Amino acid sequence: MFGLLTLVVLAFVTWELFFFYRRRASLPPGPFAIPLLGNFINEIQLPYLHVAFKRLTDRFGPVYTVHMPMPVVNVADYEILRDVFRSNDVADRIHNVMFEVTRSCENGGIVTSNGEDHAEQRKFAISTLRDFGMGKNLMEEKVRLSAKNMIDFISKQDLNNADLRWPIQIFVSNIINEFLFGYQYPFDDCVKLMDFVLGFNDAVADLSKSMIVPFVFMLPWTRHLPIISYFWGRTQQKFQTMMNYVRVEAAAVKYDPADEPTCFVQAFRKNNKDQRFEQLHSCCADLFLAGQETTTTTLRWAMLFVAAHSDVQDKVRDEILSVIGRDRLPSMADKAKMTYTSAVLHEIQRCANIISPNPFLLHRATVDTKIAGHSIPAGTVVNGDFHQIMKSDPVFEDPERFWPERYLTGDGLALRKELVDRTIPFGIGKRQCAGEGLARTELFIGLVTLVQNFRISPLPGSTIDLKPIYTVVHFPKTQSFRLERI
Ligand code: HEM
């Protein structure tokens, strides 16, 4: 009996090894990998995936295979990635067990759905974001109102030791909250929202640091093993809490078909083809989660960069005072006249580089295809390495330096297109960020309003710490500022 069992196990292991290395041979080159562990022991240390990916690019070139533990083809060259991600061949997301909690129906929502469902919900979300902005610029108005409330709130704080993290968070969260559910939280009464955000940060930290997560993502059966099932269950529970929050909010929105929709939930119930509440819930959850932490984190980085580089801050303020003045709220129409501020925003997004390689954003080939001459069989997982392109593309001279002038033409009057094109914090192609327009509005109006109203400096005797907290989102460390009213 024991002999037979040993034989079966040996046959299974041999088959697995054969299959693993045969598949490995059909993909672009990459480091030696071990079945089940992939490159987690010899190459990758979590949460420093971006460091390993850079090292591997230096060794194998811009297209290579890394095992996490399943094979992932990483693409770290702008031109190659642009062509690949603009085609439909690699536009799907991978199947991932987190869907058990982050979607409430099969193939629901936008971020992780595929095929026709994805195309329909993405189109509906983008057009609703646009409709609310059309003609009367309603979305922009919501951003301006939230920015004004933020400045009023900050002005009542101790300006010698000011916390900007929560004011920025509420500024951004309120905009997506109003877009989805039709209301804003008062700045001084938003404990519910703050609890949600802290829960989200905690869940994201789990996703980034735990060795268990990549295994469960790539080899879902491992989530039933002892110990792994315990830790996986804890991570799932954190996401479940966030999903429940969104469910309650979406269900509470009042809707009368006779009225013109004023928020996403009402627009969905009036105009979306798929009328299931589960689909509505999944879309709201995607927009709520994708739409606040990313923009908040970028604006928090913006504060650190302008506080650490007072010369840049002064130039932005000079431009604000000459184009907008001291008292008027900024509008997006001003942006075209503010080349220097636009350059600063690009440099902030490039240097903050907040999205690290991320299991939620992996793509999957839907057909046999080619990437830079390499054969890529259907089903292969592909990562667009936006992070590395923004950090290491040779067009960015001295890439570690925060230097907005790099984006300006010699006369300083226009932006350099070849650099702007390669600054891709929102991704590129078929899966490019669905909220980019809103995010750019929030970043411009948020930064301009803050610099227009306050001189932002480090606390006396301290310096700004620009080292990130490494998770799948690169968060800045929380730091207080000294603010002087302008
Ligand atoms: C600075 C802020 C933001 C950054 C840096 C950012 C970045 C990204 C990136 C890198 C992707 C994935 C691209 C890919 O997989 O190829 C993405 C997808 C997405 N983002 Fe954003 N995002 C931001 C703000 C927003 C906002 C405000 C919203 C919603 C209002 C939003 C909604 C989405 C959605 C729904 C997707 C999935 C698109 C799809 O799979 O079709 N994002 N974002």
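Residues numbered from 1 in each chain as written. Predicted model: local features only at pLDDT ≥ 70, side-chain atom pairs only at ≥ 80, totals over all residues.

Colleague: Pulling in residues and values, what's your account of the overall build of the protein chain?
Modeller: When its secondary structure is counted, the protein chain shows 18 helices and eleven strands. For a compact globule of 486 residues, the expected C-alpha radius of gyration is about 23 Å, and the protein chain comes in at 24 Å, within 12% of that figure. A burial count over the protein chain gives 42% of its 486 residues as buried. (Helix = DSSP H or I, 4+ residues; strand = E, 2+ residues; numbered from the N terminus. Rg over C-alpha atoms; globule rule 2.2 N^0.38 Å. Buried ≥ 20, exposed ≤ 12 C-beta atoms within 10 Å, placed from the backbone.)

Colleague: Describe helix 2 (residues 49–60), naming the residues involved and giving the relevant values.
Modeller: Spanning twelve residues, helix 2 covers 16 Å between terminal C-alpha atoms, matching the ideal 16 Å at 1.5 Å per step. Taken together, the buried positions of helix 2 are L49, A52, F53 and L56. Across the axial projection of helix 2, the buried residues extend over an arc of 100 degrees, all falling on one side. On its buried face, helix 2 is in contact with strand 1 (63–67), strand 2 (71–75) and helix 16 (386–392). The positive-phi residue at the C-terminal boundary of helix 2 is G61, with phi of around 90 degrees. (Expected span 1.5 Å × (residues − 1). Arc of directions from axis to C-beta. Contact = placed C-beta atoms within 7 Å.)

Colleague: Provide a residue-level description of the packing of helix 7 (residues 165–181) against helix 12 (residues 277–308), including the pertinent values.
Modeller: The geometry of helix 7 relative to helix 12 is characterised by a closest axis approach of 9 Å and an angle of 150 degrees between their N-to-C directions. Judged by the inter-axis angle, helix 7 sits roughly antiparallel to helix 12. In the crossing of helix 7 with helix 12, the sense of the turn from one axis to the other is right-handed. Mapping the contact onto sequence places R165, I168, Q169, V172, S173, I176 and L180 in helix 7 and C284, L287, F288, G291, Q292, T295, T296, L299 and R300 in helix 12. Classifying every residue of the contact of helix 7 with helix 12 by side-chain character gives eight nonpolar, six polar and two charged. (Axes fitted to C-alpha atoms, helices over the stretch in contact; angles between N-to-C directions. Parallel < 35°, antiparallel > 145°, perpendicular 65-115°, else oblique. Left-handed = near helix turned anticlockwise from the far one by under 90°. Nonpolar A, V, L, I, M, F, W, Y, C, P; charged D, E, K, R; others polar.)

Colleague: So what's going on with the site of the ligand? Residues and values would help.
Modeller: Inspection of the region around the ligand gives 26 residues, with G291, T294, G427, C433 and G435 positioned closest. In terms of residue count, the dominant contributor to the shell around the ligand is helix 12 (seven residues). In terms of residue class, the shell around the ligand is made up of 15 nonpolar, eight polar and three charged. (Near = placed C-beta within 6 Å.)

Colleague: Account for the pairing of strand 7 (residues 381–384), with residues named and values stated.
Modeller: A two-sided burial pattern is seen for strand 7, the buried positions comprising V381 and N383 on one face and V382 and G384 on the other. Note that strand 2 and strand 7 share four bridges and pair parallel. Following the sheet pairing, N74 is matched in strand 7 by N383. In this structure, strand 4 (residues 363–364) lies alongside strand 7, joined through two bridges in antiparallel fashion. If you follow H363 over to strand 7, its bridge partner there is V382. (Pairing = 2+ DSSP bridges.)

Colleague: How would you sum up unusual backbone geometry? Please name residues and give values.
Modeller: Cis geometry is found at the peptide bond from L46 to P47, where omega equals 0 degrees. Of note, the bond from M68 into P69 is cis; its omega dihedral lies within 30 degrees of zero at -20 degrees. Within the secondary structure, P69 sits in the loop between strand 1 and strand 2. One non-glycine residue, N107, lies in the positive phi region at around 55 degrees. Along the chain, N107 turns up in the loop between helix 4 (99–102) and helix 5 (115–131). Of note in this structure, N353 is not a glycine but carries a positive phi near 45 degrees. Within the element layout of this structure, N353 appears in the loop between helix 15 (339–352) and strand 4. Residue class for N353 comes out buried when judged on the 22 C-beta atoms lying within 10 Å of it.

Colleague: Help me get a handle on helix 3 (residues 78–86), residues and values and all.
Modeller: In an α-helix, one turn spans 3.6 residues, which is why side chains three or four residues apart end up on the same side. Buried within helix 3 are the following residues: Y78, L81, V84 and F85. Down the axis of helix 3, the sector holding all buried residues measures 135 degrees, keeping them to one side. Each element contacted by the buried residues of helix 3 is listed here: strand 2, strand 5 (369–371), strand 7 and helix 16.

Colleague: If you had to explain the nonpolar core to someone new, which residues and values would you point to?
Modeller: One finds C284, M303, V306 and L447 to be the most contacted residues of the largest nonpolar core, which totals 116 residues. Discounting residues that sit within four places of it in the chain, V306 has contacts with V312, Q313, V316, V451 and I456. (Core = buried A, V, L, I, M, F, W, Y, C linked by C-beta atoms within 7 Å.)

Colleague: An account of the UniProt feature "binding site: heme" (unreviewed entry) in the protein chain is needed here, citing residue identities and associated values.
Modeller: The positions that UniProt labels "binding site: heme" (unreviewed entry) are, in the present scheme, C433. One can find C433 in the loop between helix 17 (417–421) and helix 18 (436–453). Given 19 C-beta atoms within a 10 Å radius, C433 is considered partly exposed. Leaving out residues up to four positions away in the same chain, C433 has contacts with F426, G427 and A439. (UniProt positions renumbered as here; feature names shortened; annotations may be inferred.)

Colleague: Explain the sheet that holds strand 1 to me, using residue names and the numbers behind them.
Modeller: As summarised here, the arrangement of the five strands in space is 1-2-7-4-3, forming an open sheet in which the pairing is mixed. In this open sheet, the two edge strands, each paired with only one partner strand, are strand 1 and strand 3 (92–93). Against the sheet, helix 3 makes contact with strand 1, strand 2 and strand 7, and its axis sits at roughly 120 degrees relative to strand 2, the strand it touches most.

Colleague: Explain the packing of helix 6 (residues 138–155) against helix 18 to me, and be specific about the residues and the numbers.
Modeller: Running from N to C, helix 6 and helix 18 point in directions that differ by 30 degrees, and their axes come no closer than 10 Å. Of the two elements, helix 6 crosses helix 18, and the hand of that crossing is right-handed. Packed against helix 6, whose contacting residues are M139, E140, V143, R144, A147 and I151, the element helix 18 presents L438, T441, E442, I445, G446, T449 and N453 at the interface. Its residues assigned to classes, the contact of helix 6 with helix 18 comprises six nonpolar, four polar and three charged.

Colleague: Quick rundown of the environment of S210? Include the residues and the values.
Modeller: Looking at where S210 falls in the secondary structure, it is placed in the loop between helix 8 (191–209) and helix 9 (212–218). Residues in contact with S210, not counting those within four places in the same chain, are F231 and T235.

Colleague: Break down the environment of V111 for me, citing the residues and quoting the values.
Modeller: Tracing the chain through its elements places V111 in the loop between helix 4 and helix 5. Those residues within four positions of V111 in sequence are excluded, and the remaining contacts are D286, A290 and F360.

Colleague: Tell me about the environment of R300, residues and numbers included.
Modeller: Mapping R300 onto the fold places it in helix 12. Along the backbone, R300 and V111 are 189 residues apart, and their C-alpha atoms lie at a distance of 24 Å. Aside from chain neighbours lying at most four places away, what touches R300 is R165, I168 and P476.

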